[in-house]
Structures are given as structure tokens and as C-alpha cells.
Amino acid sequence: MSKDSSKRDLSLDEQLVAYLDGELDPEGRRHIESLLASDPKVRRRLQSLEQTWDLLDELEAAPASEPLTRTTLEMVALAASNDAQQAVQRRRSRRWQILAALIAAAAIGYCGVAWLTPDPNYQLVRDLPILQRLDEYRQVENIDFLRQLRDQGLFLTPRNDSVADSPRAGSVEADRSPQALKGMISQMPVADKERLLRFYDRFSRLSEEEQQRLRQLHAALQHDPDAATLQRVMENYYDWLQTLSAYRRAELLDLKPKDRLAAVEKRWQSERRRDGDRRLSDKENEALLAFLQEFAARHESEFLAAQSDPKQRARLANLGPGLRHLAFFREVWQPWMAAGGKTPPPMMTEADWGRLKAALSPSMREKLEKMPAAEQWRSLADWLRMAVQQRAFTRGPRSHTLDEDQRLLEFFEHGLSDDERDRLLAMPSEEMLRQLQRMIWYRAKPFTAPPHRSAPRRDPQESPRRDAQ
Amino acid sequence: MPNFARFAGISTGFAVALSESSVRRYAIDPDVRLMLEVRDDSAAAFEELVTRYQGRLLTVLQHLVGNREQAEDLAQDVFLRVYRARKRYEPGAKFSTWLFTIANRAAINALRDRCRRPEINLRPSDSGPMGPRPLDTMLQASSGQMPARQLDKAEMRDIVRMSLEALGERQRMAVLLSKFEGMSYLEIADVMEISVPAVKSLLSRAREHLREVLQPYLDHGASPTLNLEADDE
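No experiment lies behind these values; they were computed from the predicted model shown.

Q: Describe the overall build of chain B, with residues and values.
A: A tally of regular secondary structure across chain B gives eleven helices and two strands. Ordered by position in the sequence, the α and β elements of chain B form the string β-β-α-α-α-α-α-α-α-α-α-α-α. In chain B, which comprises 233 residues, the share counted as buried stands at 41%. Taking contacts inside chain B between residues at least 6 apart in sequence as the whole, the part at least 24 apart equals 60%.

Q: Describe the overall build of chain A, with residues and values.
A: Regarding its fold elements, chain A presents 25 helices and zero strands. Here chain A holds 469 residues, and 16% of them are scored as buried. Summarising the internal contacts of chain A: among those between residues at least 6 apart in sequence, 68% fall at separations of at least 24.

Q: Run through the nonpolar core, naming residues and quoting values.
A: Core analysis: the largest hydrophobic core is formed by 70 residues, its most contacted members being Leu61(B), Ala174(B), Leu177(B) and Ile188(B). Sequence-distant contacts of Ala174(B), that is, excluding residues within four places in its chain, are made with Ile188(B), Met192(B), Val199(B), Leu202(B), Leu203(B) and Ala206(B). Ranked by size, the runner-up nonpolar core spans 13 residues in total, among them Leu149(A), Leu214(A), Leu217(A) and Leu230(A).

Q: Lay out the interface of chain B and chain A with the relevant residues and their values.
A: Every contact between the two is made by 44 residues of chain B and, on the other side, 41 residues of chain A. Contributing elements (two or more residues each) for the side of chain B that touches chain A: α3 (43–65), α4 (68–84), α7 (153–165), α8 (169–181), α10 (196–220) and α11 (229–232) of chain B.

Q: So what's going on with the environment of Ile194(B)? Residues and values would help.
A: All names here are of chain B. With respect to the helices, strands and loops of the structure, Ile194 is situated in the loop between α9 (185–192) and α10. By C-beta crowding, Ile194 is classed as partly exposed, having 15 other C-beta atoms within 10 Å. Setting aside its immediate chain neighbours within four residues, Ile194 contacts Ala189 and Val199.

Q: I'd like a description of unusual backbone geometry, backed by residues and values.
A: Even without being glycine, Met347(A) reaches a positive phi, approximately 70 degrees. On the neighbour-count criterion, Met347(A) (15 C-beta atoms within 10 Å) is partly exposed. With a phi angle near 55 degrees, Glu193(B) is a residue other than glycine that sits in the positive phi range. For Glu193(B), the position within the fold is in the loop between α9 and α10.

Q: Describe the confidence of the model for chain B, listing the residues and the values that go with them.
A: The predicted coordinates of low-pLDDT regions are not to be read in fine detail. Residues and elements named next belong to chain B. Confidence in the prediction for chain B averages 71 pLDDT; 65% of positions are at 70 or higher. Considering only residues more than four positions removed or in separate chains, one finds that residues 1–19, a stretch of pLDDT under 50, has 22 contacts. Confidence drops under pLDDT 50 across residues 117–149; counting only partners more than four residues distant or on other chains, this segment forms 47 contacts. Model confidence for the complex: the whole-complex pTM is 0.43, and ipTM, which rates the interface, is 0.73.

Q: Lay out the environment of Gly340(A) with the relevant residues and their values.
A: All names here are of chain A. For Gly340, the position within the fold is in the loop between α18 (321–338) and α19 (350–358). As a C-alpha pair, Gly340 and Trp377 span 37 residues in sequence and 8.3 Å in three-dimensional space. Setting aside residues no more than four positions away along its own chain, Gly340 makes contact with Arg378 and Ala381.

Q: Which residues make up the confidence of the model for chain A, and what are the values?
A: Residue and element names in this part refer to chain A. Looking at chain A, pLDDT values average 73 and 71% of them are 70 or higher. Within the model, pLDDT remains below 50 along residues 160–175, and this stretch shows 20 contacts once partners closer than five positions in the same chain are excluded. Scored below 50 in pLDDT, residues 445–469 makes 22 contacts in the model with residues more than four places away or belonging to other chains.

Q: Before we move on, can you summarise the packing of α3(B) against α4(B) with the specific residues and values?
A: Residue and element names in this part refer to chain B. With their axes 8 Å apart at the nearest point, α3 and α4 run at an angle of 140 degrees to one another. Taken together, α3 and α4 sit at an angle that is classed as oblique. Between α3 and α4 lies a crossing whose hand is right-handed. From α3, Phe46, Val50, Gln54, Leu57, Leu58, Leu61, Gln62 and Val65 reach across to α4, where they touch Arg68, Gln70, Ala71, Glu72, Leu74, Ala75, Val78, Phe79 and Tyr83. Within the contact of α3 with α4, the residues separate by chemical class into twelve nonpolar, three polar and two charged.

Q: Explain α8(B) to me, using residue names and the numbers behind them.
A: Three or four residues apart is the spacing at which side chains of an α-helix point the same way, because the helix has 3.6 residues per turn. Residues and elements named next belong to chain B. With 13 residues, α8 should reach 18 Å at 1.5 Å per residue; the first-to-last C-alpha distance of 17 Å fits that figure. Within α8, burial applies to Gln171, Arg172, Met173, Ala174, Val175, Leu176, Leu177 and Ser178. Just past α8, the residue Gly182 takes up positive phi, approximately 60 degrees.

Q: Could you give me a rundown of the packing of helix α2 (residues 30–39) of chain B against α3(B), with the residues and numbers involved?
A: All names here are of chain B. Viewed as axis vectors pointing N to C, α2 and α3 meet at an angle of 140 degrees, and their least axial separation amounts to 8 Å. Judged by the angle between their axes, α2 and α3 are oblique. In terms of crossing hand, the pair formed by α2 and α3 is left-handed. Here Asp31, Leu34, Met35, Glu37 and Val38 of α2 lie close against α3, whose contacting residues are Ala45, Phe46, Glu48, Leu49 and Arg52.

Rules behind the numbers
- Residues numbered from 1 in each chain as written.
- Chains lettered and ligands numbered in written order.
- Predicted model: local features only at pLDDT ≥ 70, side-chain atom pairs only at ≥ 80, totals over all residues.
- Helix = DSSP H or I, 4+ residues; strand = E, 2+ residues; numbered from the N terminus.
- Buried ≥ 20, exposed ≤ 12 C-beta atoms within 10 Å, placed from the backbone.
- Contact = placed C-beta atoms within 7 Å.
- Core = buried A, V, L, I, M, F, W, Y, C linked by C-beta atoms within 7 Å.
- pLDDT = per-residue confidence, 0-100.
- Axes fitted to C-alpha atoms, helices over the stretch in contact; angles between N-to-C directions.
- Parallel < 35°, antiparallel > 145°, perpendicular 65-115°, else oblique.
- Left-handed = near helix turned anticlockwise from the far one by under 90°.
- Nonpolar A, V, L, I, M, F, W, Y, C, P; charged D, E, K, R; others polar.
- Expected span 1.5 Å × (residues − 1).

What follows is the structure, encoded as C-alpha cells:
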């Protein structure tokens, strides 16, 4: 093909494509149509361009899922509230600067500016130990509540995973000097700093009274002769709360401290009776999840061979290892778990069973081996379900994080009237969560100044429900 | 500014005077009206826009970056940018044109970032369910070097997807806006911040490339034994 003809073809292609796209002016259109009428090669060319373009219809649309839309809205709401907070801080900061400059010019002099400018890190450093345990502290009224939990023998068990061996991530000793704390903050990885900042923002948004309550609780805890035990009770209590559904948790936290204490004890005891000593540790849960992954890799070819539809088989074989593992889990383990482990798990060999038992602690392994075979499978199904649920709760990339959950609870506790809370509590838990998230979104008024509760923005979708009741 | 008019039907807090041409524009495009409500701090309007556009945005972004997860992150980033830019929004174009302009910038930045990271494959042709260098495989097929066999719908879709991924980013974006969003050359030019002739050239080269790769599959389905050189002359 000569250079000229190539150039001509390119230009002709441009015209043909523009013709197909309806982008030619009348003259250009007439020109192409006369070419088409006279030249079969041009006709074939146009047809070929059109047909191959139509093949793009094979490409799938990517519909947005409801959770994605929800997380998008939540993310923007959160960013909006952070922006608003920062704007307020900037405005405040500007006001202080102007004031300081005026005073300095009038009387005190230039050196007064330095004296008057507040250290923005002061509060952060002062409250650092509280910020790092904000979630735990927020669930506890006062030190007496912890003492009562301890005195009733609740939540005393030492934590049985690696976390128990070290202080909670980022925890600090009470007697560290502000300089040492500043140094520690500056050495933190960026992710930890961002996390700290999020906690700081949340703390700053609490009422002055609530901030003071948390400081008092922290001080009381630090000075209690049994501080270590009470701290463990608080951590275990918090962890236990996270194992409850949002609905149950909200129900519990809504009670007065005395009633809550009774309800906590009742629920905790009934769980103990139900689970006995068959609850796995976090470490064992992790080991079970790792076992699932290894199992999928070991039995991959068997799994693919079991696919009766060759197209499905080819598609699965083409997936990346992560997605293939997920498909394996969905098709092999989930149905088995859903059936309650009434039969031995599919594809499980003696060697697999040995590996799985090796992942358990010696005492748990011994207990398992003493059970009848059918009971062993049932226990395994329960454990796997709990391990997967726990992973989804704490690690899922788009599931609720503890932070988000905390935000929901705070809103539930302080952002609603009694009637609204009652109405939410009457709903099934999933529906309640959805409704709560919608209410946060509408009430947060992310684009405006913080709202007055007396005039909440109405969720238009709430109306029919309200009317119906 | 002459001919001021206030558009009725927008929330009561909306007190910005608008030209008649703007009024006509967003009377035609209801999403412009929604966006003006967002500018006026309506959370409900924002939710409506997200609901309306997230799927469309995801479709374009997913085919542009070739990865669902990254496309979701990008789509969320785009809506965050829309929210942050809401006070600067002027109803000067269709809302979708404005949205996809933001999306285009975000995607270009993301693709550039990806280029800077050595651990991520830069060439779309190096990845995908067909294994390494599928474009080579496709060209083999188009030159008749591959054994004949029937292609099913899923494979056809993979081939179409990879032929799209083999295009340059700008060509790919122009194709996606034209195909999925049905945008005119002028709108694509606005979104991509280039001239109309540049769009014409991009789309022409992209479609020629797609034709080269896909025509053998179309002609012979299972057994591409001829190439189309003869047709070119």
C-alpha cells in the first residue's frame, strides 16, 4: 500500500466513521453516499466498520450495586462533615489571628502574638490516651459500671489471641510526658496518624460534657488499684458488644446502666450455656480461614473437573486465584454449611481433616475428637460460619467497619427521639440498619452547618411508613 | 447581564439569577436542575444524581481501567469531586458532559499513577482471562495461524473486551463515550478537552483498529483463515 493511498484511506475512514456517527454535514453526506453507490469496496469498508462497531454491544454494562451507592453517599457525607469541620477550624483560626494582631498592635506588642496563639496539638496530645480507646470508653458510663461487671465475674477471661500479649494498638502509658507523646505521634505511620485524626475529629464533635466524662473515666481507670483487670473487662466487653448484631447492640445500649448490667449478664450467661466451651479463639478462626484457602488450592482441579458445563469450567479456570477461591467457597462450602454440616464436607480427605485439626488448639482438638462423627461435622460447620462472619464483620473491604458501626450507634443513641428509636427497634435488623443509614444521611445535612434537632430534614421515604403506622 | 430570569420549581433557597438560555438548557436536561439543587445544598438531589449516574459512570470507567474495583474507587472519587465542586457548577453544558469531564480527569490521573507503579502491568494486552499477551493471540487468529474452533458468546465478549483494552487510553475513552453514552463529537471534545477534529481522528483510528482485530472473527466466526488485506485496497 503506497503512502498516498494509506493517507487517502485514513481520510476516507474518517469520513466513513463520521458518516456512521451522523457527524457529516449535508455535503459530506452526499459525497459519501455517491461513493457508496459507485464503489463496492467502499461499501464493504463501511459495512465492516459498522459490523465491528456493533460487536462492542457485547460488552457488559456494569450496574452499580445498592451497597456501592450507599457507601458512596456515606463517603461523601463523611467528607462533607470533615470539610465543614475544617472550615470552622480555619475560620476560628483566622479570627484568633486577627484578634491577636489587634491586641499586639494596641498594647502588648509583637511578642504577645506568640503567647496568644494556641498550640493546636495541645488538646490532641492531652487527650491522646482517650482517643486511642475512644470506642471502648464510649460504651462505659463510669468506672463503677466496669467494677460491677468485674464483681459479677463477667468479661474477666484473658484475651486468647496475640493481641493479649501486647498493649492494644497505639495504647500509651498514662505517665508519658507531653513531649514523649508528641514524639510518638510524629513517629506514627501515616495510616495510624489518619486513624488518630479520625478519632480526634469524633472526639471534638462530642459535647464538652461528654468529653469531660471520658477524661474522668480515663483518670479513674488509671488510678484504680485494679486498673489492669478493669481495662481487660472493658476491652472484652467492647469486643463482646461487637459480636452482637447492630440491632441487639442498640437495644442493649439503650438501657439504663443498671438494667443494662442485668441484660448483659443474662445474655452473656445464655451464650456461655449455648456455646459451652466450644467457641474458637481469634487465632483459631484465622487458621480455619487459612485452611479454607489451602483446601481450595489443593482441590482446585477436582473442583473444575466436577463442573458439568464446559463453558462454566473454562470460565472458572480463567478466573484469578482470589476469585476462583471465592467461587470454590460459594459452590462447595456454603451449601454444606447452610445444610448444617449433616454430611462429611465434599472432597475432604483424611489428610485434610488432619490438617484442619492441627489448626485447633490442643484442648479444642481433644474435645472435637471425643465427639461423635456427626457432631464433629456440625461443629465444623458452626465454626466456619462464625469465622467467615467475623472476617466479614471486621475485615470486609466494603462491610461496616467498627468506626462506621460506632457512628451508627452514636446516631442511634443521641440523634433520634424516643419514638423514632422505638420505631426502628420494631424493624428487622437489616431494615433497621438501612433506615438508620438513610436517616443519618438526611439528617447529617452534609452541605450545611450542623443541624438543630428541633427541625430535622425529613426523609421523603420515611413518610409512607410513618403514615402507615 | 441581560435577560435575567429565575427558574421556577427549584427549592426555595435557590436565589441565583439565570439567563434564559440556561433556563431552557436545564428545562431540557433535568439533571442540570438536580445539580443546581445540589449546588443549593440538597442532599436528596445529590443522592438522586448518584443513583442515576453511578451505573453509567462505572460502565465507562470499568472498561477504561479494566478493573471493577478500581472503577468503583474512581466512581466514588468522581462523586466526591462533584460534591466538592458543586458551588462552582455553572449550567453551561449537559450535566453528563460535566460529570464525564471530571471522570476523564480522574481516570487520566489514576492511569498515570498506575504507570508510575512498576508492579502493575501497564499494557492491558498483558493481562486478562485469555492469558499473557492476548492481543498477539488475536492477531494470530486474524492472520489464520490459530486452529479453528467455535467461539462461544463469553469468548466473543472477552475478545471484544481485549480489543478495546488494546486501544490507547484516549481512543478507548472516545469509543466508550460514543458507544455507551451516545455522545456527539462535540460533547466528547468537551469531555476530553480536545478539538472536534481530534475526536474525529481518535474515533476513526480506534474503529479501524477494532475492525482489523475483530473482522476475522466476524467473517469466519470459528475459523479465521483469511485476512482482510484485500479489502483494504
